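Fold and geometry: a report
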Amino acid sequence: MRNFKPPETKTTPSSTAEKAFSLISKGWEEVRSSADADLQLIRNRANSFKNLADKELENFLNSASKSPFIVPTITATATTTAAPAEIDFVKKLRPKLSEIRRAYSSPDFKWAPRGKLKLDLSGIKNAVVAEGVEEEEDAIFGKWRRERFKDEGQFGELNWEPIKAFKDRLKELEVELKSPSSSPVEIFKGIKNSEFVEKVKLSLKSICKEPEETKGVPPLDVPELLAYLVRQSSPFLDQIGIRRDISDKIVESLCSKRRNKLLLRALPEGDSSLIEGDNMNDELDLRIASVLQSTGHHYEGGFWSDSTRQNVSNGKRHVAIVTTASLPWMTGTAVNPLFRAAYLAKSEKQNVTLLVPWLCESDQELVYPNNLTFSSPEEQELYIRNWLEERVGFKTDFKISFYPGKFSKERRSIIPAGDTSQFIPSRDADIAILEEPEHLNWYHHGKRWTDKFNHVVGIVHTNYLEYIKREKNGALQAFLVKHVNNWVTRAYCDKVLRLSAATQDLPRSVVCNVHGVNPKFLKIGEKVAAERQSGEQVFSKGAYFLGKMVWAKGYRELIDLLAKHKSDLDDFNVDVFGNGEDAHEVQTTARVLNLNVNFMKGRDHADDSLHSYKVFINPSISDVLCTATAEALAMGKFVVCADHPSNEFFRAFPNCLTYSTSADFVAKVKEAMSSEPQPLTPEEQYKLSWEAATQRFMEYSDLDKVLTSETRRDGKNKKGMGKSVSMPNLGGTVDGVLAFAHYCLTGNEFLRLCTGATPGTRDYDKQHCKDLHLLPPQVENPIYGW
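Residues numbered from 1 in each chain as written. Predicted model: local features only at pLDDT ≥ 70, side-chain atom pairs only at ≥ 80, totals over all residues. Heavy atoms only, no water.

Identification of the chain as Digalactosyldiacylglycerol synthase 1, chloroplastic from Anisodus acutangulus is taken from an unreviewed UniProt entry. One UniProt comment on the chain, placed under Sequence similarities (unreviewed entry), says "Belongs to the glycosyltransferase group 1 family. Glycosyltransferase 4 subfamily." One UniProt comment on the chain, placed under Subcellular location (unreviewed entry), says "Plastid, Chloroplast outer membrane". (UniProt positions renumbered as here; feature names shortened; annotations may be inferred.)

Written out as structure tokens, the structure is:
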């Protein structure tokens, strides 16, 4: 028993093929039986549904005919009830339903014959089993063929090449199996290298072929890569002094050879007229985008991109306006952002928050006029709203928030303390409007605005370079400040609006006046025009000037002009209204020169005492867009101002008289004093209004597109992928590097003090914590260490 071995079973080619095809037949029988079971289940459910419908229909007819219901009848004198025997529509419906019921309940009624699930394989049989070999193959396929191919199908004469190849390979396989010298390994190699397998591979490749549009796109060559690198490095090159036009010429020279070659290949022979005048930058973008699309690459974001940027829901969008000053300080960055917030909120299309600086009481005494101070932010907010609503004439519906600030005596401005962006909650971080973005970000040490907000717009109010040039070592300071302004606006803003061309040219900036006039001044102008039309004398006084009394606000130019042409303007007097740090020096200089200038305390431009002046003198060339000039035009006065980019917006008004020389100044003054101003037309009044300014702001800041765009949760536009998404943007990476470097530099207190920052402005102090109910900076932003 120990040496017993079971008998070896000899495997023949016939038994192997018979087992294979019996396995296939068995699988097919299982599929067919499963399908029959499913069809039977469907039929049983249909019969069950038919029986249920019969019962429900019978119940409905019986209840309608045997259970009458009461219908109330209302008459003019009394209310009675009537009981109809049956409903009319049931009478009409019942015979037809009975006929249908008898029809499908009859024993002769039959359902449609059940379809049989059957696969006709006769075509495969005819292709595999050829004439002359049927007897030889009957030993292998006999039983399987008798069961599967009982009837000839419609594919009896099928001549499919893969089936023929399969048939030929079966013949070869049978011969190899019968050969005693063939090993299983050699047989497998033969199958693997057979012509049939190669044909199957070719068929699969033809099915899964690449799209035609991805073919024929040549790869990028070295000059194109260098051109793209130079074009995307333009922000960095601009920082080191290489102008943009030089970068464009380098890009054009690198792309011209490749471009001409491709165009001449595509154009008819001798026709090269289309080579000239095309946009090189757009063509380079499309070229790189086509190469990236041909490789299937999809760019999801830059190295410095922030994945935490807020996604906007279908609700209202939110606009946060951040400014550098607040009432009662009557400066442009306090008044104009306030009106902008009111008119943006008036449309009720978006929620608006105005973020203004909060000064401790010691700083309030230095900044706010008439010794006016506030003990709490709520008290100052009440003052701001009352002042605004008195002038706009409607109830304002926007939120006012405060951030810590400190007053700098040297710079005569308010410097933010701490991270200003943290005072806008993350749920409201959608759109940010930075009034004076360079000022807000000189020493900004916190989260990047463009990372926290979906869209950031900067509005440039002040010509800082003009002010700095008047100081000691002004040329060197102006050079440094120019590059710092370029740096911070590029790093923190998506779009920059310059009120006039008087400011420096900043990255991604456009020139547009987005400021309007207080509606109160337009009402004064309407009143003056009505009084003049009735024959009353309105302007009983001559010329005046109004502005903060510092040399840079135009006082130097005014005194120089009056002193130079003292003899030509002997009988000309100017009343000056203003307060400021240089008031004593300005008044002393005017007295020494014996000028006809009367100095008075500063007051609101809408004050009744100023309505009777006819001519407003404004010789300032340091302003970006003088608000007082717009207010004087709105009141129907003459304005004599310098021929300067800051006054470009006002030249279209007939009452604006501009001069280019000192002699021309004298001529314009005499013209204004000897004539009467023209009343404003409705179009001119609208152009000065805040409604028109808000419309211009929405258009030039791209805010109208941003507010109406549909944004998905993943931050991509529903309309598709643009060029900026399909390929990496080196410019965005450079902006991120600049922002990171600025964050590191502003975090060092020694470097901050060296560049003129107010001490202690990197974080807010204890008094700010007490006034604004804030946690200490150490608790808000803890530093963990060993």
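A word on the packing of aromatic side chains
Two numbers describe a pair of aromatic rings. These are the distance of the centres and the angle of the planes. Per the counting criterion, the structure on display carries 19 aromatic pairs. Ring-pair connections join several aromatic residues into one group, and the members of that group are Tyr544, Phe545, Tyr555, Phe577, Tyr613 and Phe616. Taking NZ or CZ as reference, lysine 687 lies 5.2 Å from the ring centre of phenylalanine 649, over its face. (Phe/Tyr/Trp six-rings, centres within 6.5 Å; stacked < 30°, edge-to-face > 60°. Lys NZ or Arg CZ within 6 Å of the ring centre and 35° of its normal.)

Some remarks on the sheet that holds strand E12 (residues 574–577)
On the basis of which strands lie adjacent, the open sheet formed by six strands has the order E13-E12-E11-E14-E15-E16 and parallel pairing. Two strands bound the open sheet, and with one partner strand each, they are strand E13 (597–600) and strand E16 (656–659). Each adjacent strand pair in this sheet contributes to an overall mean axis angle of 25°, direction not counted. Two strands pair when backbone bridges link them, and strand E15 (residues 638–642) and E16 are joined in this way by four bridges, in the parallel orientation. Looking at E16, one finds that valine 639 is bridged to cysteine 656. Strands in contact with helix H20 (residues 555–564) are strand E11 (541–546), E12, E13, strand E14 (613–618) and E16; relative to E12, the strand with the most contacts, it is inclined by about 165°. (Pairing = 2+ DSSP bridges. Helix = DSSP H or I, 4+ residues; strand = E, 2+ residues; numbered from the N terminus. Axes fitted to C-alpha atoms, helices over the stretch in contact; angles between N-to-C directions. Contact = heavy atoms within 4.5 Å.)

A closer look at the sheet that holds strand E9 (residues 495–498)
Ordered by their spatial adjacency, eight strands build an open sheet running E6-E5-E4-E3-E7-E8-E9-E10, and the pairing between neighbours is mixed. Across the chains shown, the open sheet's two edge strands, defined by having one partner strand only, are strand E6 (413–416) and strand E10 (509–511). Strand-to-strand, the axes of this sheet are offset by a mean angle of 30°, without reference to chain direction. Here strand E3 (residues 317–322) runs beside strand E7 (residues 431–435); their pairing, made up of four bridges, is parallel. Across the sheet, isoleucine 321 pairs through a bridge with isoleucine 433, a residue of E7.

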